[in-house]
Amino acid sequence: MQEKGKWSTVQRLSPVAAVIPGVIVGLFAGRLLSELMRPGPVGTVLIALLATLGAALLLRRVSLRRTWPAGALLYYVFYPDPDPRAAALAAAAAGVLAWQLTLGPRLTVRARYRRLAATAVPAAVFFGFLALYAATLAQGVLPADSGELQTVAAELGVAHPPGFALYTVLAHLATRLPLPGSAALKVNAFSAITGAATVTLVYLSAFALTRRVAAALGAALVLGTATTFWAQAVTANVRSLTAFFAALALFIVVAMRNWKVKGDAARSEASAKGPATAPLSMLALTLSLGVVHHASLIFMAAVFFVAILWLIPGLLQRPGRWQRPLLAALAGLLPLLYFPLRATADVRGASPSLATWDGFWQHVLALGFRGDLFHFVEPQMLWLRLRVMGDVMAFQFHPLLLAGMVLGLALLLWQDRLLALVLGGSFAVHTLVTATYRAPQTVEYMLPAYVPAVLLLATATGWWAPGGPGEIWRDVLDGPDTIWRYMRGVVRPLLVTAVLLAALVQGVEHYRSYKGIQGKRGAEAYARELLGAAPEGGMILADWHWATPLWYLQEVAGMRPQLPVHYVFPTAETYGETWARRIEEEVQAGRPVVATHFDAAAYQGLPTPQPLGDAFLFGAEPPTTLPAGYRSLDVTLGGAIRLLGYRLEPGAVAPTQTSTLTLAWREVTPLAAPTSLFAHLIGADGALYAQEDVAARPQSGAGAITLTQFRLTPRPGAGPGAHTVAVGAYRTISGERLAGENGEERVAADTLTVTALTRPLATQNPVYRPLAESEGRLIGYDWDVTLPGRPRLYLQWQTEAGYQVEVQDVDEGSADLPPTVGPWGLTELASLTVEEGEHYVPFGEGIVWLGEGLAAGEEGVRPGETLLLAQEFAASRPVDENAVVSVRLIGYEADGVQWAWWDLADGVPALGAIPTLKWIGGSRIWDPHRLEVSQEATPGQTVGGLVRLYDAFTGRTIPILDERIVQEQPGIPLGTTVVGSE
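Scope of this entry: the structure provided in the associated data block. (Residues numbered from 1 in each chain as written. Predicted model: local features only at pLDDT ≥ 70, side-chain atom pairs only at ≥ 80, totals over all residues. Heavy atoms only, no water.)

## Some words on the overall build of the protein
Tallying secondary structure elements over the protein gives 31 helices and 31 strands in all. Since a compact globule built from 982 residues should have a radius of gyration of about 30 Å, the 32 Å found for the protein is in line with a globular shape. Over its C-alpha atoms, taken along the principal directions, the protein stretches across nearly 105 × 85 × 70 Å. Pairs at least 24 residues apart make up 71% of the contacts formed inside the protein by residues separated by at least 6 positions. Of the roughly 42200 Å² of accessible surface on the protein, 60% is carried by carbon and sulfur atoms. (Helix = DSSP H or I, 4+ residues; strand = E, 2+ residues; numbered from the N terminus. Rg over C-alpha atoms; globule rule 2.2 N^0.38 Å. Contact = heavy atoms within 4.5 Å. Areas by Shrake-Rupley, 256 points an atom, 1.4 Å probe, with all protein chains shown as cover.)

Below you can see the structure in the form of structure tokens.
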């Protein structure tokens, strides 16, 4: 007998409704069995009926309160593909819902479970994430700022302004840990420790807000698996410690808020009026240390100060309560003494000026960078930057999680404005300031803002819980035993389940990328190669990216410490001109120079360099015999060029990955006309799958051998197997090929093995369709209509060997697919129709362009008008190149070929916010560029656009892997419009 006033699902349901969960379970099981057995239409119907009948009979007497989680299985019942991953996700959702209905309430109701949730669970969170980050930890010295931090931490040096004194000391202590590995590895491990600690603080804050383990675990999982948070947790950086201080400050503020809201009448009168001095002092110390570590936290600190005044209205009128917090804040400034103490030490970055008042503040306040803060304040640019911030958030979190964060903020604005100020305000202020900041690492600068964002998500899931933030509003919803009880029992589990599963999916997707990055050839191997190959008496000129790992190897690892390694910093002239001047000065002084940077236009007057990996060697005597490790090749082309040998590495690559061919050759007779060398990759079908042409610039001197590099990147359609590498030469202007002794126009040098992809290319249309008559399955398709009237279809197949791409040029507007297995195991015949407006152009490095063309109005463009050319890219795997996106707006001459005028916008993607080195598999980037129509544009003139990518250090173009585009344009065409009449 149901107790009076208690809500009973069973009493209000008809017998038919009571078996609905059984029907759902039966349909789910029937579909799985049908897809496994493929019995045909009749057999599928019988299996579905039997499974449905059996499950309905088994569950007919179980209350809906216990069985309604089975409704999650409907996700797969109606899923359009026979995908076991989707079935597993549906089953996991049902399991998590059932877990919350059974174990979940106990974790809140029973005291012993509350203690467990507050002690054992956060310990498990900390050690679990520490193990995850350790499994994907970067193994050696890293480039750019990370390499500098590893160097100064190892030798207690001074980093670039603002110096990061606290980080340096703590990271140095980490290098003293009794663990195997180099100092660089231990500094990376310090980030893993701070990252895991930050995630644990987020769990504790979320639990304090919601009193629900599931909601708190969801917040911790979401932050710990976020793209950039994970990246920072496995590399040496200052951002992880910044996020830690933000999380610690939020934890203290949440604790103080709970103390105020849930005040106990038994407390003393002084305590009842507001939090005691100890929490204020802890908060002051935390924020002081945080701001000393990184000044960006001062804006969050301002929000927290307002929140404290809200919590303690009379605080400003009671100076007696300020003393200890002020002393704690002053104690937080003590790490700054590090700079004058190390000013005269013989370590990197130390300078006697640090012991002077002016030099100290110049360094601590980073006054040399003061023009970067609040740089983007012009309204149109600020609006674009704020839009980019949305892209930054989408870069971090699953869209479902972002929606939950918005929901959490909306609920707090309705019910708890103080908490809305603390979480929403700190996120908004930090995001706004970051949007105005000119820096190429916006995704990293945003790290502290991710902490309140995930706590907003926790409030969305915990709002409905007993004792949660929304409990005080339950009477508004028709009493505690009706609607509110229903919402609390259904809505909350659904939200928690969605968050936990989205976080799980996010974590699984990101793990593959970060595990893959760990196994790649890193900066340390490249830096060791440069130091080992640099000639005696020479020097290395390096970008900041490569200077820091070189310094670490010299100063910490003791590798060639006497070899000069200089960082080439930007000056008033263009960066390429600075490099050319520095190289020329050293070469004229008789010193060979290894340069990590190359600018073809600026280097025109310099001697022909020798390739040294990805670097360039100037001023050294060229080789006169074939270098070690090269295979011999004795062919003379056109009586002018003698090919002597080559080196090909690696000998096996997957499509969109690059193999480097270094060709050794000698000039037989002077090249009277401009000449180019080429390298081709030819498939067994005779088709060309990769090529590169390089201008022939011979070394000077008797018997000198010239080394010329080619980069061969197989296009997506290249099938697995051996491909022929052929080389040759031609006259650049006339195109005349230089034939060999046997009359051949290209010489087969070697074979390159093309393997299957280990992970698929990015796709806009993921599917999961097994082939009915053979092995393999279709996992995605994409249309490209970039070239008018020439649609191309990319089909991605999963095979036993890996992933392969089939490329079809379609004439009829549709393409037929082979028979595939559809839902319920039934064979289907289908065709794909051209999708107008779709773009899909692969680049090297697994990057795919998905952008749009010129979005001009029907009346065309006007002279002086500013156009926004927004590009979109997707990453299939982590990107190794620091790529620049180059977008050009062109006014054509009447012939439609020559350029009358043009405007160029080169930059780091997303207005500098998301460098390609931060892209991992699955990343999608919105990249806006503003370009201006020339004032000289004339009515009726055709205006078009081109986009390409190139390496920021070497200037090499990242190849466009569509041979049709490469044959016609120097970049991807963005369509055309016209200049309208006045």
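Read on, since the account is not over.
## Description of the packing of helix α17 (residues 277-293) against helix α18 (residues 297-311)
With their axes 9 Å apart at the nearest point, α17 and α18 run at an angle of 165° to one another. Judged on the interaxial angle alone, α18 and α17 are roughly antiparallel. As α17 packs across α18, the resulting crossing turns out to be left-handed. Contacts between α17 and α18 pair L280, L283, L287, G290 and V291 from the former with L297, I298, A301, F304 and I308 from the latter. Split by residue class, the contact of α17 with α18 holds nine nonpolar, one polar and no charged. (Axes fitted to C-alpha atoms, helices over the stretch in contact; angles between N-to-C directions. Parallel < 35°, antiparallel > 145°, perpendicular 65-115°, else oblique. Left-handed = near helix turned anticlockwise from the far one by under 90°. Nonpolar A, V, L, I, M, F, W, Y, C, P; charged D, E, K, R; others polar.)

## Focus: the side chain of R731
Within the fold, R731 resides in strand β13 (residues 721-731). Despite its burial, R731 pairs with no opposite charge, the nearest such side chain being E736 at 5.0 Å. A distance of 3.0 Å separates the side chain of R731 from the side chain of T675, its partner in a polar contact. With near-sequence residues (within four places) excluded, R731 lies in contact with L671, A673, P674, T675, E736 and L738. (Buried < 20%, exposed > 50% of the residue type's maximum accessible area, 1.4 Å probe, protein only. Lys, Arg positive; Asp, Glu negative; His and termini not counted. Salt bridge = Lys/Arg side-chain N within 4 Å of Asp/Glu carboxyl O. Polar contact = N/O pair within 3.5 Å; in protein donor to acceptor, adjacent residues only side chain to side chain.)

## Some remarks on helix α12 (residues 183-210)
Here α12 contains 28 residues, and its C-alpha end-to-end distance of 41 Å stays within 8% of the 40 Å for a straight helix at 1.5 Å per residue. Most of α12 sits inside the fold, with 26 of its 28 residues counted as buried. R211 lies just past α12 and shows a positive phi near 60°. (Expected span 1.5 Å × (residues − 1).)

## Looking at the sheet that holds β13
Within the open sheet, the five strands sit side by side as β8-β14-β13-β10-β11. Their pairing is mixed. The open sheet has two edge strands with one neighbour each: β8 (652-653) and β11 (688-695). Direction of pairing for β13 relative to strand β14 (residues 747-754): antiparallel, over a ladder of seven bridges. Along β14, the bridge assignment pairs A722 with T753. (Pairing = 2+ DSSP bridges.)

## Details of unusual backbone geometry
That bond from P161 to P162 is cis: its omega, 10°, falls within 30 degrees of zero. E649 connects to P650 through a cis peptide bond whose omega is -10°. Relative to the assigned elements, P650 resides in the loop between β7 (641-649) and β8. A positive phi angle, near 50°, is found at A366, a position not held by glycine. For W824, which is not glycine, the phi dihedral falls at a positive 65°. With respect to the helices, strands and loops of the structure, W824 is situated in the loop between β20 (820-821) and β21 (827-828).

## Focus on the packing of α17 against helix α19 (residues 323-331)
Packed helices, taken two at a time, are described by their axes: the angle between them and the distance between them. For the pair α17 and α19, the least separation of the axes is 7 Å and the interaxial angle reads 25°. Accordingly, the angle class assigned to the pair α17 and α19 is roughly parallel. Pair α17 / α19 crosses with right-handed handedness. The segment α17 lies against α19, with T277, L280, S281, A284, L285 and S288 engaging R324, P325, A328, A329 and A331. The residue makeup of the contact of α17 with α19, split by class, is seven nonpolar, three polar and one charged.

## Description of the pairing of strand β15 (residues 766-770)
Counting buried residues along β15, four of its five residues qualify, which places the element largely inside the surrounding structure. In this sheet, strand β16 (residues 777-784) lies alongside β15 in antiparallel orientation, the contact comprising three bridges. The residue of β16 that forms the bridge with P770 is R777. Where β15 hands over to β16, the hairpin turn is made up of six residues, of which G776 adopts a positive phi near 105°.

## Some details on helix α22 (residues 379-396)
With 18 residues, α22 ought to run about 26 Å at 1.5 Å a step, and its terminal C-alpha atoms sit 26 Å apart, in line with that. For α22, the complete set of buried residues consists of M381, L382, L384, R385, V388, M389, D391, V392, M393, F395 and Q396.

## Focus: the sheet that holds β15
Taken in spatial order, the four strands of this open sheet run β15-β16-β17-β18, and their pairing is antiparallel. Across the chains shown, the open sheet's two edge strands, defined by having one partner strand only, are β15 and β18 (802-809). When the angles between neighbouring strand axes are averaged without regard to direction, this sheet yields 25°.

## Observations regarding the packing of aromatic side chains
Counting across every chain of the model gives 29 aromatic pairs. Relative to F245, the ring of F244 lies with its centre 5.6 Å away and its plane at 70°, an arrangement referred to as edge-to-face. One exposure class covers both F244 and F245, and it is buried. Here F873 and W919 contribute two aromatic rings whose centre-to-centre distance is 6.1 Å and whose plane-to-plane angle is 35°, an arrangement assigned as tilted. One end of the pair, F873, is in strand β25 (residues 866-875); the other, W919, is in the loop between β27 (899-907) and β28 (924-932), with 46 residues separating them in the sequence. Three or more aromatic residues link up through ring pairs in this structure, and these residues are F129, Y133, W230, Y511 and Y514. Between R31 and the ring centre of Y76, over which it is positioned, the NZ or CZ distance is 4.1 Å. (Phe/Tyr/Trp six-rings, centres within 6.5 Å; stacked < 30°, edge-to-face > 60°. Lys NZ or Arg CZ within 6 Å of the ring centre and 35° of its normal.)

## Points about the pattern of salt bridges
Any two side chains of opposite charge can pair if their charged atoms end up close together. Inspection of the entire model under this criterion finds 29 salt bridges. Close ionic contact of E35 with R31 constitutes a salt bridge, the shortest N to O distance being 2.5 Å. Pair noted here: E35 and R31 are both in helix α3 (residues 20-37), with a separation of four residues, about one helical turn. Accessibility classification places E35 together with R31 in one group, the buried group. Put simply, R792 and D809 hold a salt bridge, and the shortest N to O gap is 2.7 Å. One end of the pair, R792, is in strand β17 (residues 792-799); the other, D809, is in strand β18, and 17 residues separate them in sequence. Of the residues examined, D809 reaches a relative accessible area of 45% and is grouped as partly exposed. Here the salt bridges do not stand alone but share partners, grouping R715, D784, R792, D809, D962, E963 and R964 into one network.

## Structural notes on the environment of E584
Locating E584 in the fold gives a position in helix α30 (residues 575-588). Along the primary structure E584 and G605 are separated by 21 residues, whereas in three dimensions their C-alpha atoms are 8.9 Å apart.

## Points about the side chain of T434
Inspection of the secondary structure puts T434 in helix α24 (residues 417-436). Looking at T434, the relative accessible area reads 6%, which means it is buried.

## Structural notes on a nonpolar patch on the surface
The grouping of F305, V306, L316, W322 and L326 at the surface amounts to a nonpolar patch, some 470 Å² of accessible area in total. By the element assignment, F305 lies in helix α18. (Patch = residues over 30% accessible without salt bridge, like charges linked within 9 Å, V, L, I, M, F, W, Y side chains within 5 Å.)

## A closer look at the pairing of β14
Looking at chain direction, β8 and β14 are connected through two bridges and run parallel. Bridging across to β14, A652 finds its partner in T753.

## Looking at the environment of N188
Mapped onto the elements of the fold, N188 is located in helix α12. Under the relative-accessibility criterion, N188 is labelled buried at 0%. Taking C-alpha positions, N188 is 57 Å from L49, a pair spaced 139 residues apart along the chain. Setting aside residues up to four positions removed in sequence, N188 forms contacts with L137, A138, Q139, G140, L142, Q150, A233, V234, T235 and A236.

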